[in-house]
Amino acid sequence: MSTYLSAAEAAERLGVSRQTLYAYVSRGLLRAHDADDPRERRYRRDEVERLATQRARGRKPKEVAKAALDWGAPVLESAITLILGGRLYYRGEDATRLAESAGVEAVAARLWQCPEDWAFGAEPPPLPAAYQALAPSYAGQGPQQALLPLFAVASGDDATAVWQQDAQRQAAGWGELLRVLFACLLGAPVSGAPLHAQCAAAWELDAAGAALVRQALILCADHELNASSFTARCVASTGASLRAVLIAGLAALSGGRHGGMTARIEAFWDELGDTAEPLSLLRRRLERGEKLPGFGHPLYPDGDVRAAQLLAGILPQRPHWQALVDAVEQLTGQRPSIDFALVALRRHLRLPEGTAFGLFACGRAIGWIAHALEQRADGQLIRPRAAYVGPLPG
């Protein structure tokens, strides 16, 4: 099935005239793409189908609310992250440009809206005895299993509790939580060194490898109202500490349809092997009705810009992996997601198994904190209603 529709096909699917179709484009409801004929434009089938579904729901409140939970209309206001025109922005600044040269701490301070030295200026205290006692029991387990319980015992509530009013002490608490999370990932003492440098030291990376890790952390820092960030906001809205927010975020991230997707991609990659001609293997997988994890993203119909930036520093050195990316795009029209890029980074740098998830979690923790702070400032408890569909009382 073609990925694109002609103008006539798109208008027919939507049940509108071509003039109305063009009006949808001008209003930003649909995007037009170049076609082989310069006089024509084409439209992504998935975008047309999404718009058709939205129009079919009309203005029924229950249907609109239900749809909002599945890549639908925005459900709350935020000034943190914008995804627009296939680009990603952190408080108005292009995230891919920030990833080119900014430090992880600088991006965190930007998202948290605090001075960098407030959050990361002081030397963090050592990890508590409870962590030292628990850590050996998780030796050999990957970050997807170990990071949450280790962080829960390694971190404290007081510095980020809702009753804490000193602005500088609060900011120092945010930075401390992030450093503790990195220490749990790396199995190292908590450190005041730059976060990406801590990773480079633990994994014995050269300058190029350290730069790739820095970019990955920044590109993962936030992504609007994803499942784990929405979870973080819900927890923050109850008045919980930011430690509790990060624990909730880690729990949500672990699922196979979120950060746990990296484990599925690892398995998919192992099944394919390092073949230079993956096209036939991929086609057989699709013919069996199996998916190709790590490709396509509803918010980036022309390709995930985060993945594109990270892979630009990897694929030129890995022609077999480029062949895989090209083959998937040839068969499905889909390009790599950030999850695929994190697994590629893990394999390229020969990092420990599960590090793709760990990098995702440590980077996204920056965004969880930002969302929690924004939700606290809003002061509203997030408490939607359910549309009951069970048996009625007798």
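Residues numbered from 1 in each chain as written. Predicted model: local features only at pLDDT ≥ 70, side-chain atom pairs only at ≥ 80, totals over all residues. Heavy atoms only, no water.

Further remarks concern empty space enclosed by the protein. All chains considered together, the criterion is met by one cavity of 30 Å³ or more. For the largest cavity, the full set of lining residues is Trp269, Leu272, Gly273, Asp274, Thr275, Pro278, His320, Trp321 and Leu324. Secondary structure elements with two or more residues in the lining of the largest cavity: α15 (261-272) and α18 (319-332). Looking at the lining of the largest cavity, the element that brings in the most residues is α18, giving three residues. (1 Å grid on protein atoms, 1.4 Å probe; cavity = no way out; pocket = protein on both sides within 12 Å on 5 of 7 lines; lining within 4 Å. Points joined across faces, edges and corners; volume = space filled by probe spheres on them. Helix = DSSP H or I, 4+ residues; strand = E, 2+ residues; numbered from the N terminus.)

If you check which residues of helix α1 (residues 7-14) are buried, you get Ala7, Ala10, Ala11 and Leu14. The buried residues of α1 occupy an angular sector of 95 degrees when the element is viewed end-on, so they sit on one face. Residue Gly15 follows α1 closely and has a positive phi angle near 70 degrees. (Buried < 20%, exposed > 50% of the residue type's maximum accessible area, 1.4 Å probe, protein only. Arc of directions from axis to C-beta.)

Now for the packing of helix α12 (residues 207-219) against helix α17 (residues 305-312). For the pair α12 and α17, interaxial distance at closest approach is 10 Å and the crossing angle is 175 degrees. Overall, the two elements α12 and α17 adopt an arrangement that is roughly antiparallel. Residue-level inspection shows Leu212, Gln215, Ala216 and Leu219 of α12 in contact with α17, the latter providing Arg306, Gln309 and Leu310. A breakdown of the residues in the contact of α12 with α17 according to their chemical character gives four nonpolar, two polar and one charged. (Axes fitted to C-alpha atoms, helices over the stretch in contact; angles between N-to-C directions. Parallel < 35°, antiparallel > 145°, perpendicular 65-115°, else oblique. Contact = heavy atoms within 4.5 Å. Nonpolar A, V, L, I, M, F, W, Y, C, P; charged D, E, K, R; others polar.)

Take the nonpolar core next. A general feature of soluble globular proteins is that nonpolar side chains tend to end up buried together. In terms of nonpolar packing, the biggest core is built from 99 residues, with Tyr90, Leu111, Trp112, Trp203, Leu310 and Leu342 touching the most fellow members. No other element matches the 13 residues that helix α20 (residues 355-378) contributes to this core. The residues contacting Tyr90, other than those within four sequence positions of it, are Ile80, Thr81, Ala95, Leu98, Val107, Arg110, Leu111, Ile218, Leu219, Cys220, Ala221 and Asp222. Of all hydrophobic cores here, the second largest spans 13 residues; its members include Ala7, Ala11, Leu14 and Val16. (Core = buried A, V, L, I, M, F, W, Y, C linked by side-chain atoms within 4.5 Å.)

Attention now moves to the pairing of strand β3 (residues 41-44). As defined by bridge partners, strand β1 (residues 4-6) adjoins β3 across three bridges and the pair is classed as antiparallel. Bridge pairing in β3 places Tyr4 opposite Arg44. Two elements, strand β2 (residues 33-34) and β3, share two bridges in a ladder whose sense is antiparallel. Considered in β3, the bridge of His33 is made with Arg42. The turn joining β2 and β3, which pair antiparallel and follow one another in sequence, is formed by six residues. (Pairing = 2+ DSSP bridges.)

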